[in-house]
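Descriptive analysis of the structure
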Amino acid sequence: MEKELLRIEHLKKGYGTNDVINDLSLTVRKGEVIVVIGPSGCGKSTLLRCVNALEDIQGGQILLDGEPVRKNAPNISRMREKIGMVFQSYDLFPHRTILDNITLAPMKVQKRKKAEVEQEALELLDRVGLKDRKDDYPRQLSGGQKQRVAIVRALCMHPEILLLDEITAALDPEMVREVLDVVLSLAKAGSTMMIVTHEMAFAKAIADRVIFLENGQIVEESSDPKAFFERPETERARQFLHTFDYESD
Amino acid sequence: MDLAVMQSYLPLYRDALFLTLRIGWQGVFLALVFGLVCVIILHLKIPVLKTLTGFYVELFRNTPLLVQLFFLYFALPRIGIRMTPEFTGCLGLGLIGGAYMTETFRSGLESVPKIQEESAQSLGMTPLLAFRHVILPQAVASSVPGILANVIFLLKETSVFSTISLMDLMFTAKDLIGMYAKTIECLVLLVIFYLIMLLPVSVAGSVLERRLRHAEFGD
């Protein structure tokens, strides 16, 4: 079994008196793909944002390689280098070309050589089928293309874990596939990922472990995604999954 | 219209134009510096200074430049602070312009979505790197039209300098009308010289605007 990479211990996150995440514990091993599903407002996105320390937390701790990840900690930028994140709304830098979007952080943060970073960026772009768009600006790309660039941008930093926050939620159905294929190939290559998604078929195909979240707590956790999606153990998960079925009866 | 008269006035107008330009651009430069300092204070939310900056912006944005100049030039000497008319003009323009620039810069910064900063930070950028390479370029690009409007406004506002006895374009025209009563000739020349001063600024500004905004907004 691979070594433990990320450990979340008794995480508590709330706004005012409203608890979004309540005493949540979870460990992620290297190479594992965790899919987090649950009804809207259950805290899935907040969970990912906490792991990347975009949110401050009210209790518990998050450890990556045994080191705490905490917003406003002096070492937080260095920790975030190891945690790649892709957002629902892509959030490429609109004032920079595709290639510059990808090479900016490796050059400025990791102080890598321009030639070397560009070569890697082009290889990665080639792999997602967008090498010929390197000199375009984000506004010239479709949503699906932008999202593939956002994934490449995160990958170019060589993160130890990749967080994907509903990355296909804003896309047209036809573009969902091209993005999810990229993620599937990453999983095959052994990337560690935490994925929040509403694409249940995709979740079933890619997950090593499924986490079903409600009210900021893990309701059901399964290392056998096929079994989970066919016969969830809890009634709540059964209800939730049922909302994705359209059988006329 | 007497063209010969107009021609004979040209050297006077030319000198006035140079003076107006010199004070105008120094004032614009001061305004940009004041605006930049103020917006950094507001952006970093530095206590006390933040309140003072808000006070300054509202005070200078909501009173006419003429009144401000009178204060600087006629009231301050009463408490022992004396400045040359030229320096008073620059400072006055800088102060009112600084208030306008602060607001323009602030709206530019606020137009950049928060998630841009988050996605920069999620790539391991420190807040400073994110500001320098992600937030600032976008803020500048979206404030360019406002900055340009402010610059033109400030250069036009130089026309009140005549009241503190600066030989600017307005002063020269009023003086000549008073002496020779060639009203139409003097006013036509005045308009022409303001256009000579400001049209290039407008054109250069539009070119700059297109270049800076090309990435985000296309042509």
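As shown above, the structure is provided for reference.
This section reports on the structure supplied with the text. (Residues numbered from 1 in each chain as written. Chains lettered and ligands numbered in written order. Predicted model: local features only at pLDDT ≥ 70, side-chain atom pairs only at ≥ 80, totals over all residues. Heavy atoms only, no water.)

With respect to the overall build of chain A
Put simply, the rule is: The secondary structure listing takes helices from DSSP runs of H or I that are at least 4 residues long and strands from runs of E that are at least 2 residues long, numbered from the N terminus. For the radius of gyration, the atom set is restricted to C-alpha positions; the globular benchmark scales as 2.2 Å times the number of residues to the power 0.38. Burial classes follow relative accessibility: with a 1.4 Å probe on protein chains only, a residue under 20% of its type's maximum area counts as buried, one over 50% as exposed, and anything between as partly exposed.
Looking only at helices and strands, one finds 9 helices and 10 strands in chain A. Taking 2.2 N^0.38 as the reference for a compact globule, 249 residues should give roughly 18 Å; the C-alpha atoms of chain A span a radius of gyration of 18 Å, in line with that estimate. Viewed in the frame of its principal axes, chain A has a C-alpha envelope of about 55 × 50 × 40 Å. Residues classed as buried in chain A amount to 55% of the 249 residues present.

Topic: the pattern of salt bridges
Side-chain pairs of opposite charge can arise where the charged atoms are in close proximity. All names here are of chain B. Short version of the rule: Just to be clear on terms, a salt bridge is a Lys or Arg side-chain nitrogen sitting within 4 Å of an Asp or Glu carboxyl oxygen.
Scanning the entire structure with this criterion turns up 28 salt bridges over all chains. Of the charged contacts in the structure, one is a salt bridge between Arg106 and Glu110, with a shortest N-O distance of 3.1 Å. Placement of both Arg106 and Glu110 in helix H4 (residues 85–110) is noted, with a separation of 4 residues, approximately one turn of the helix.

Considering the interface of chain A and chain B
What counts here: Every residue pair with non-hydrogen atoms within 4.5 Å of one another is taken to be in contact. Here the quantity called buried area is the accessible surface, traced with a 1.4 Å probe, that two parts lose on coming together, added over both. The term polar contact refers here to a pair of N or O atoms within 3.5 Å; inside protein, the definition further demands a hydrogen-donor-capable atom paired with an acceptor-capable atom, and it admits residues adjacent in sequence only when both atoms are side-chain atoms.
With 25 residues of chain A in contact, the opposing surface of chain B contributes 22 residues. Taken together, both faces of the contact between chain A and chain B bury some 2,000 Å²; the carbon and sulfur share is 62%. Counting across the interface, chain A meets chain B through 1 salt bridge. One salt bridge connects Glu118(B) with Arg49(A), and the closest N-O pair in it is separated by 2.8 Å. For the pair chain A and chain B, the interface holds 4 residue pairs in polar contact (both at pLDDT 80 or more).

Let's talk about the sheet that holds strand E5 (residues 67–68) of chain A
Residues and elements named next belong to chain A. For clarity, the cut-off: By this definition, two strands are paired if DSSP reports at least two bridges between them. A fitted line through C-alpha atoms serves as each axis, taken over the contacting stretch for helices, and the angle formed by two N-to-C directions is quoted from 0 to 180°.
Strand order across the open sheet formed by 4 strands is E2-E1-E4-E5, with antiparallel pairing between neighbours. Each of the sheet's edge strands pairs with one partner strand only, and the pair in question is strand E2 (18–29) and E5. Against the sheet, helix H1 (residues 44–51) touches strand E1 (4–15), E2 and strand E4 (59–64), its axis set at about 120° to E1.

Topic: the side chain of Lys146(A)
Condition: Charge convention: Lys and Arg are scored as positive, Asp and Glu as negative, and His as well as the terminal groups of each chain are ignored.
Mapped onto the elements, Lys146(A) comes out in helix H5 (residues 143–155). The buried charged residue Lys146(A) lacks any salt bridge partner; its closest oppositely charged side chain belongs to Asp91(A), at an N-O distance of 9.5 Å.

Quick look at the sheet that holds strand E3 (residues 33–37) of chain A
Pairing between the strands of a sheet comes from backbone hydrogen bonds, and it takes one of two forms, parallel or antiparallel. All names here are of chain A. Read across the sheet, 6 strands follow the order E6-E7-E8-E3-E9-E10 without closing on themselves; strand pairing throughout is mixed. A single partner strand is all that each edge strand has here, and the edge strands are strand E6 (83–86) and strand E10 (217–222). Across the sheet, the mean angle separating the axes of adjacent strands is 20° when strand polarity is ignored. In the sheet, strand E9 (residues 209–214) pairs with E10 via 5 bridges, with the strands oriented antiparallel. Bridge assignment links Leu213 to a residue of E10, and that residue is Ile218. Lying over the sheet, helix H9 (residues 235–242) contacts E3, E9 and E10, oriented at roughly 95° with respect to E9.

What about empty space enclosed by the protein?
All names here are of chain A. Convention followed: Grid points spaced at 1 Å over the protein atoms alone were grouped into cavities, where a 1.4 Å probe fits but cannot get out, and pockets, open sets with protein on both sides within 12 Å along at least five of seven lines, with lining residues defined by an atom within 4 Å of a point. Grid points are joined across faces, edges and corners, and a volume is the space filled by probe spheres set on the points. As a working rule, the residues Ala, Val, Leu, Ile, Met, Phe, Trp, Tyr, Cys and Pro are called nonpolar, Asp, Glu, Lys and Arg charged, and the rest polar, with Gly in that last group.
The tally for this structure, following the rule as stated, stands at 2 cavities of 30 Å³ or more. Looking at the largest cavity, its volume works out to about 40 Å³. Forming the walls of the largest cavity are Glu166, Ile167, Thr168, Leu180, Ile195, Val196, Thr197 and Phe202. Of the voids in this model, the second largest cavity is the one considered here, and its volume is about 30 Å³. Taken together, Cys50, Ala53, Glu55, Ile57, Ile62, Val69, Arg70 and Lys71 make up the lining of the second largest cavity. Of the residues belonging to the lining of the second largest cavity, the class tally is 5 nonpolar, no polar and 3 charged.

Section: helix H6 (residues 127–157) of chain B
Note the following rule: In this analysis, the expected span of each helix is defined as 1.5 Å times one less than the number of residues it contains. Here the bend at a residue means the angle between the axes of two seven-residue stretches, the one that ends at it and the one that starts at it.
For H6(B), which comprises 31 residues, the first-to-last C-alpha distance of 38 Å sits more than 12% below the rise-based estimate of 45 Å (1.5 Å per residue). The largest bend along H6(B) reaches roughly 50° and is located at Ser143(B), with the proline Pro145(B) sitting one to four residues downstream.

Some points on the packing of aromatic side chains
Residues and elements named next belong to chain A. Counted only if it meets this: For Phe, Tyr and Trp, where Trp contributes only its six-membered ring, two rings pair if their centres lie within 6.5 Å, and the inter-plane angle classes them as stacked under 30 degrees, edge-to-face over 60, or tilted in between. Geometrically, a charge over a ring is one whose NZ (Lys) or CZ (Arg) sits within 6 Å of the ring centre while staying within 35 degrees of the ring normal.
In total, this model carries 9 aromatic pairs over all chains according to the counting rule given. Within the aromatic cluster, the residues linked to one another by ring pairs are Phe212, Phe240 and Phe244. Geometry around Tyr15 places Lys13 over its ring, the cationic atom sitting 4.5 Å from the centre. When the ring centre of Phe93 is taken as reference, the NZ or CZ atom of Arg153 above it lies at 4.4 Å.

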